[in-house]
Protein chains: 2
Amino acid sequence: METLKINEISEILKLLKKRKIDNFDLYTVIAQDYKTNEILMVAYANDEAIIRTYETGKVHYFSTSRKQLWLKGETSGHFQYVKEIYIDCDGDVILYKIEQIGAACHTGNRSCFFRKIE
Amino acid sequence: METLKINEISEILKLLKKRKIDNFDLYTVIAQDYKTNEILMVAYANDEAIIRTYETGKVHYFSTSRKQLWLKGETSGHFQYVKEIYIDCDGDVILYKIEQIGAACHTGNRSCFFRKIE
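Residues numbered from 1 in each chain as written. Chains lettered and ligands numbered in written order. Predicted model: local features only at pLDDT ≥ 70, side-chain atom pairs only at ≥ 80, totals over all residues. Heavy atoms only, no water.

A. Summary view of the interface of chain A and chain B. Listed per partner, the contact involves 43 residues of chain A and 43 residues of chain B. Taken together, the two surfaces of chain A and chain B that pack against each other cover about 4,300 Å², and 57% of this comes from carbon and sulfur. With its nearest N and O atoms 2.7 Å apart, the salt bridge here joins A:Arg19 to B:Asp22. Our count for the contact surface shared by chain A and chain B stands at 32 residue pairs in polar contact (both at pLDDT 80 or more). Those elements that place two or more of their residues in the side of chain A that touches chain B are strand E1 (2-4), helix H1 (9-15), strand E2 (19-21), strand E3 (24-33), strand E4 (39-45), strand E7 (80-87), strand E8 (93-100) and strand E9 (115-117) of chain A. (Contact = heavy atoms within 4.5 Å. Buried area = accessible area lost by both parts, 1.4 Å probe. Salt bridge = Lys/Arg side-chain N within 4 Å of Asp/Glu carboxyl O. Polar contact = N/O pair within 3.5 Å; in protein donor to acceptor, adjacent residues only side chain to side chain. Helix = DSSP H or I, 4+ residues; strand = E, 2+ residues; numbered from the N terminus.)

B. Expanded view of the nonpolar core. Ranked by size, the top nonpolar core spans 67 residues in total, and within it A:Ile30, A:Ile50, A:Phe113, B:Ile30, B:Ile50 and B:Phe113 carry the most contacts. Discounting chain neighbours no more than four positions away, the residues touching A:Phe113 are A:Ile39, A:Leu40, A:Met41, A:Val42, B:Met1, B:Ile30, B:Tyr86, B:Ile87, B:Asp88, B:Val93 and B:Leu95. By size, the runner-up hydrophobic cluster in this structure holds 8 residues, among which are A:Ile21, A:Leu26, A:Phe62 and B:Phe62. (Core = buried A, V, L, I, M, F, W, Y, C linked by side-chain atoms within 4.5 Å. Buried < 20%, exposed > 50% of the residue type's maximum accessible area, 1.4 Å probe, protein only.)

C. Fine view of the packing of aromatic side chains. All names here are of chain A. Applying the stated criterion across every chain yields a total of 6 aromatic pairs over all chains. On the basis of an interplanar angle of 40° and a centroid distance of 5.0 Å, the ring pair of Tyr-61 and Trp-70 is categorised as tilted. Across from the ring centre of Phe-79, 4.4 Å away, lies the NZ or CZ of Lys-58, which sits over that ring. (Phe/Tyr/Trp six-rings, centres within 6.5 Å; stacked < 30°, edge-to-face > 60°. Lys NZ or Arg CZ within 6 Å of the ring centre and 35° of its normal.)

D. Representation of the pattern of salt bridges within the structure. One pass over the structure, following the stated rule, counts 18 salt bridges over all chains. Of the charged contacts in the structure, one is a salt bridge between B:Lys5 and A:Glu118, with a shortest N-O distance of 3.2 Å. Linking B:Lys5 in the loop between strand E1 (2-4) and helix H1 (9-15) with A:Glu118 in the segment after E9, this pair reaches from one chain into another. Residue B:Lys5 is classed as exposed on the basis of its relative accessible area of 64%. Linking B:Lys116 and B:Glu118 is a salt bridge whose minimum nitrogen-to-oxygen distance equals 3.7 Å.

E. Just the confidence of the model for chain A, in detail. The share of residues in chain A with pLDDT of 70 or more is 100%, and the mean pLDDT across the chain is 96. What the predictor reports for the complex is a pTM of 0.97 with an ipTM of 0.96. (pLDDT = per-residue confidence, 0-100.)

F. Geometry of the relation of the copies chain A and chain B. Take chain A, turn it by 180°, move it 0.0 Å along the axis, and it overlays chain B with an RMSD of 0.0 Å. Taken together, the turn and the small shift mark the pair as related by a two-fold rotation axis. Relative to the rotation axis, the closest C-alpha in chain A is found at A:Ile21, a distance of 2.3 Å. In this assembly the copies share their binding face: 100% of the residues contributing to the interface of chain A also contribute to that of chain B. (Least-squares fit on C-alpha atoms with pLDDT ≥ 70 in both.)

G. Up close: the layout of surface pockets. Of the volumes computed, that of the largest pocket is approximately 620 Å³. What lines the largest pocket is a set of 30 residues, and nearest its centre among them are B:Met41, B:Arg66, B:Trp70, B:Lys72 and B:His106. Elements that contribute at least two residues to the lining of the largest pocket include exactly strand E4 (39-45), strand E5 (60-63) and strand E6 (68-71) of chain B. Taken together, the residues that form the lining of the largest pocket break down as 13 nonpolar, 9 polar and 8 charged. Lining the second largest pocket are 21 residues, and of these A:Met41, A:Ala43, A:Trp70, A:His106 and B:Asp90 sit closest to its centre. Those elements giving two or more residues to the lining of the second largest pocket turn out to be E4 and strand E5 (60-63) of chain A. Across the lining of the second largest pocket, the residue classes break down as 11 nonpolar, 4 polar and 6 charged. (1 Å grid on protein atoms, 1.4 Å probe; cavity = no way out; pocket = protein on both sides within 12 Å on 5 of 7 lines; lining within 4 Å. Points joined across faces, edges and corners; volume = space filled by probe spheres on them. Nonpolar A, V, L, I, M, F, W, Y, C, P; charged D, E, K, R; others polar.)

H. Representation of the state of the cysteines within the structure. Under the definition given, this model contains 0 disulfides over all chains. Distance from the sulfur of A:Cys89, which forms no disulfide, to the nearest cysteine sulfur (B:Cys105) is 3.7 Å. Residue B:Cys105 stays outside any disulfide, its sulfur separated by 3.7 Å from that of B:Cys112, the closest cysteine. We classify B:Cys105 as buried; its relative accessible area is 4%. (Disulfide = S-S within 2.5 Å.)

I. Fine view of the pairing of E4(A). Residues and elements named next belong to chain A. Of all 7 residues making up E4, 7 are buried, and the element is well covered by its neighbours. Examined bridge by bridge, E3 and E4 share 6 bridges and lie antiparallel to one another. Across the sheet, Ile-30 pairs through a bridge with Val-42, a residue of E4. (Pairing = 2+ DSSP bridges.)

Quick look at the structure:
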């Protein structure tokens, strides 16, 4: 494991690389329970979402359906508090280890991955 | 947790929904260690990759750089053996819990998420 000590948020952005997703330039974001490592959800972020997450400690995404910044939990109260931040080798995926308040999934399930195929 | 018992692979595909990623119609795929829940990598799949993974038990992706089907481990020997399959609420992300042979990351790290931001 490498630890990258940053002084300001712009240093994170330099490590990242966007992909074109549904016609937006975005990063893929995974929210993972910081204690159990359960994967809770996958969504997307733009630079603003990354910055707001870093500054507030609450996960912000970019909603591709609403086409706007999305503070997770803003309406539901189901905030995600960032404990650790990782980026992948390509810099196009960000992994937040989080404390999840309530359910991560809009269905009411704790995780969006509540369907197992057999 | 819901368990979806399927009889043939086409039933999985009906549950899935592609996104436009770098001009390809793809699903996002997470490979997670089936024992530790460590996230090992994130990549993409098309229908063919899903089918080949299901049929062979080895994870196949679609390489957006090489623009072709990609059997993980074909050159490195670092195969990923599928233990469990999950899909998220939207059907655009597939989670494979896997047994990883060797390193998942092309850098030689076990996980692609070997960089922690502090």
